Amino acid sequence: MRAALQNLLLRRILATSATSNLADGLFLLGLPIVAAQTGASPLWIGLLSAAQTVWWLFSIPLSTLIDRLGPGPLLLIVRPIRIVVAVVAMVIVAFPPEQQLFFLLVIAAMWGFLEVLADSAVMALPALLLGEQTYDESYALLYSTQSVTNTILGSALGAFLIMVNTWLVFVVAAILLGISFIIQHPLLRRSEVQPVQSDTSDTTSLWNDVTDGWNHIRKDRFLRAMMITLAGIVVAEEVVATVVVP
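Described in the following lines is the structure provided in the data block. (Residues numbered from 1 in each chain as written. Predicted model: local features only at pLDDT ≥ 70, side-chain atom pairs only at ≥ 80, totals over all residues. Heavy atoms only, no water.)

## Quick notes on the overall build of the chain
From N to C terminus, the chain includes 10 helices and zero strands. Residues counted as buried form 42% of the 246 residues belonging to the chain. (Helix = DSSP H or I, 4+ residues; strand = E, 2+ residues; numbered from the N terminus. Buried < 20%, exposed > 50% of the residue type's maximum accessible area, 1.4 Å probe, protein only.)

## As for the packing of aromatic side chains
Aromatic ring pairs are defined here through the distance separating the ring centres and the angle between the ring planes. Tallied over the full model, the rule gives six aromatic pairs. Ring plane angle 75° and centroid distance 5.5 Å describe the contact between Phe-102 and Phe-103, whose orientation is recorded as edge-to-face. According to the relative accessible area criterion, Phe-102 is exposed, its value standing at 53%. Seen from their ring centres, Tyr-139 and Tyr-143 are 6.4 Å apart, and the 40° between their planes marks the pair as tilted. In this pair, Tyr-139 and Tyr-143 both sit in helix H7 (residues 135-164), four residues apart, roughly one turn of the helix. Residue classification places Tyr-139 among the buried positions, given a relative accessible area of 14%. Grouped by ring-pair contacts, the aromatic residues Phe-27, Trp-111 and Phe-170 constitute a single cluster. One cation-aromatic arrangement involves Arg-82 over Trp-111; the distance from NZ or CZ to the ring centre is 4.4 Å. (Phe/Tyr/Trp six-rings, centres within 6.5 Å; stacked < 30°, edge-to-face > 60°. Lys NZ or Arg CZ within 6 Å of the ring centre and 35° of its normal.)

## Examining the pattern of salt bridges
Scanning the entire structure with this criterion turns up two salt bridges. Among the ionic pairs, Arg-82 bridges to Asp-24, the shortest N-O distance being 2.3 Å. Here Arg-82 is found in helix H5 (residues 71-92), whereas its partner Asp-24 is found in helix H2 (residues 8-37), with 58 residues between them in sequence. By the burial criterion, Arg-82 is buried, and Asp-24 matches it. (Salt bridge = Lys/Arg side-chain N within 4 Å of Asp/Glu carboxyl O.)

## What to know about helix H8 (residues 167-184)
In this model H8 runs 26 Å from its N-terminal to its C-terminal C-alpha over 18 residues, within 8% of the 26 Å that 1.5 Å per residue would give. For H8, every residue scored as buried is listed here: Val-169, Phe-170, Ala-173, Ala-174, Leu-176, Leu-177, Gly-178, Ser-180, Ile-183 and Gln-184. For H8, the secondary structure elements touched by its buried residues are H2, H5, helix H6 (97-129) and H7. (Expected span 1.5 Å × (residues − 1). Contact = heavy atoms within 4.5 Å.)

## Quick word on the nonpolar core
Ranked by size, the top nonpolar core spans 57 residues in total, and within it Phe-27 and Phe-170 carry the most contacts. Of all elements in the fold, only H2, helix H3 (42-53), helix H4 (59-69), H5, H6, H7 and H8 reach the threshold of two or more residues within this core. A per-element tally of this core places H6 first, with 14 residues. Among residues more than four places away in sequence, those in contact with Phe-170 are Phe-27, Gly-30, Leu-31, Val-34, Ala-86, Ala-89, Met-90 and Val-93. (Core = buried A, V, L, I, M, F, W, Y, C linked by side-chain atoms within 4.5 Å.)

## A closer look at a nonpolar patch on the surface
On the surface, a nonpolar cluster with roughly 360 Å² of combined accessible area is contributed by Phe-102, Phe-103, Val-106 and Met-110. Checked against the element boundaries, Val-106 lands in helix H6. (Patch = residues over 30% accessible without salt bridge, like charges linked within 9 Å, V, L, I, M, F, W, Y side chains within 5 Å. Areas by Shrake-Rupley, 256 points an atom, 1.4 Å probe, with all protein chains shown as cover.)

## Topic: a positive patch on the surface
A grouping of Arg-218, Lys-219, Arg-221 and Arg-224 is seen on the molecular surface, where their side chains present a positively charged patch. Going through the elements one at a time, helix H9 (203-219) and helix H10 (221-244) are the ones with two or more residues in the positive patch. One can find Lys-219 in helix H9. For Lys-219, a relative accessible area of 62% translates into the label exposed. (Lys, Arg positive; Asp, Glu negative; His and termini not counted. Charge placed at Lys NZ, Arg CZ, Asp CG, Glu CD.)

## A short note on the environment of Gln-100
Residue position: Gln-100 is located in helix H6. Taking C-alpha positions, Gln-100 is 8.8 Å from Val-34, a pair spaced 66 residues apart along the chain. Of note is the side chain of Gln-100, whose polar atom sits 2.8 Å from the backbone oxygen of Phe-95. (Polar contact = N/O pair within 3.5 Å; in protein donor to acceptor, adjacent residues only side chain to side chain.)

And the structure:
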């Protein structure tokens, strides 16, 4: 583990993941809190959460698309757009309560889609940029970093910011995404993170890649059990969040 952390590329990947996931944690708390402050019902809270997380159902086809486009070029596009979405969310907080919920739902859907793209692209970086000798340690550190910053530190920081002013959550999220973009920028021009295939218009080949992934999970008993377990955990977390947050 110590040897892995001495790798400058890994430290940069961990830093950009930590800052972006901290922003995700702020949104994870901020959106339902803002909705609750407008008097939203648990149904609306659940819709906001679903709009933000439903995109993970499409993570396999989106990951295939990332391979075609390349993690580097994709992150160069996605990170700035996420900053704009965070700024728009800050503006929506000033809207009349009766208008906020619809726009918050749109923002949640946009943020969730971009989050899946960005996180999937970042998760591809260790395999492309680091050697096999640090592969296991790199992904263990990356998963741990994402979990701690997203679900623990992000929520704690978000709670403090909301006590000051609700719109601060989205301002700080935009700043964190800007820092994340600056940290990762030197990685995104490297040849290793460019497109795997130059022809992204071959829809038949793209579909085959997607279905091959699903078929592999369906036929492998271990992967199938993992998918079912993870799905159950996520559903339980969302049910608890929908009930507790309001």
